[in-house]
Amino acid sequence: MGWYIVFINIISFLTMAIDKHKAKHRKWRISERTIWLLALAGGAVGATAGMYSFRHKTKHRVFRYGLPMLAVIDIYTSITLYW
């Protein structure tokens, strides 16, 4: 299960990077729904790190507050379930 958490967070981080790149180049974007589904699947920490690393979606309040709160829940859940 630990590998899943690592994998989903890497995918979430890279998704934010790819979407930011596409936004800069005015290409077809990754939907916000996809980003949220990845975050809900356990990748909230990666999505949050990507959001702040690439300054992507930081003007959206839902992302600015929602992803970090979901990341805290993910971390808490991981700690209580696996340690």
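The structure under discussion appears in the preceding block.
Here is what the cut-offs are and how they apply
- Residues numbered from 1 in each chain as written.
- Predicted model: local features only at pLDDT ≥ 70, side-chain atom pairs only at ≥ 80, totals over all residues.
- Heavy atoms only, no water.
- Helix = DSSP H or I, 4+ residues; strand = E, 2+ residues; numbered from the N terminus.
- Rg over C-alpha atoms; globule rule 2.2 N^0.38 Å.
- Core = buried A, V, L, I, M, F, W, Y, C linked by side-chain atoms within 4.5 Å.
- Buried < 20%, exposed > 50% of the residue type's maximum accessible area, 1.4 Å probe, protein only.
- Phe/Tyr/Trp six-rings, centres within 6.5 Å; stacked < 30°, edge-to-face > 60°.
- Expected span 1.5 Å × (residues − 1).
- Arc of directions from axis to C-beta.
- Contact = heavy atoms within 4.5 Å.

Q: Give a description of the overall build of the chain that names residues and reports values.
A: Assigned secondary structure in the chain consists of three helices and zero strands. Across the chain, helices and strands are ordered from the amino to the carboxyl terminus as α-α-α. Expected size for 83 residues packed as a compact globule is a radius of gyration near 12 Å; at 13 Å, the chain falls within 12% of this value. C-alpha extents for the chain along the principal axes are approximately 45 × 25 × 20 Å.

Q: Can you break down unusual backbone geometry residue by residue, with the values?
A: The phi dihedral of Arg 55 falls on the positive side, at around 50°, and the residue is not glycine. Secondary-structure assignment places Arg 55 in the loop between α2 (32-53) and α3 (61-82). One non-glycine residue with positive phi stands out, namely Lys 57, at about 70°. Following the sequence through the fold, Lys 57 ends up in the loop between α2 and α3.

Q: Residues and numbers for the nonpolar core, please.
A: With 11 residues, the main nonpolar core is built from Met 16, Ile 30, Ile 35, Ala 39, Ala 44, Ala 47, Met 51, Phe 63, Leu 67, Leu 70 and Ala 71. Listed by contribution, the elements that provide at least two residues to this core are α2 and α3. With five residues, the top contributor of residues to this core is α2.

Q: Hey, could you go over the packing of aromatic side chains for me, with residue numbers and the actual values?
A: A complete count under the given rule lists two aromatic pairs for this structure. Here Phe 13 and Phe 54 contribute two aromatic rings whose centre-to-centre distance is 5.1 Å and whose plane-to-plane angle is 50°, an arrangement assigned as tilted. Of this pair, Phe 13 sits in helix α1 (residues 2-24) while Phe 54 is found in the loop between α2 and α3, placing the two residues 41 residues apart along the sequence.

Q: Let's hear about α3: which residues, and what values?
A: In this model, α3 (22 residues) spans 31 Å end to end at C-alpha, consistent with the 32 Å of a helix rising 1.5 Å per residue. Restricting attention to buried positions, one finds in α3 the residues Phe 63, Gly 66, Leu 67, Leu 70, Ala 71, Asp 74 and Ser 78. Buried residues of α3 fall within an arc of 140° about the axis and therefore sit on the same side. Exposed side of α3, more than 90 degrees from the buried face: Arg 61, Met 69, Val 72 and Tyr 76 are the residues found there. Summarising the contacts, the buried residues of α3 are in contact with α2.

So far we have only geometry, and geometry alone does not tell us how the molecule works.
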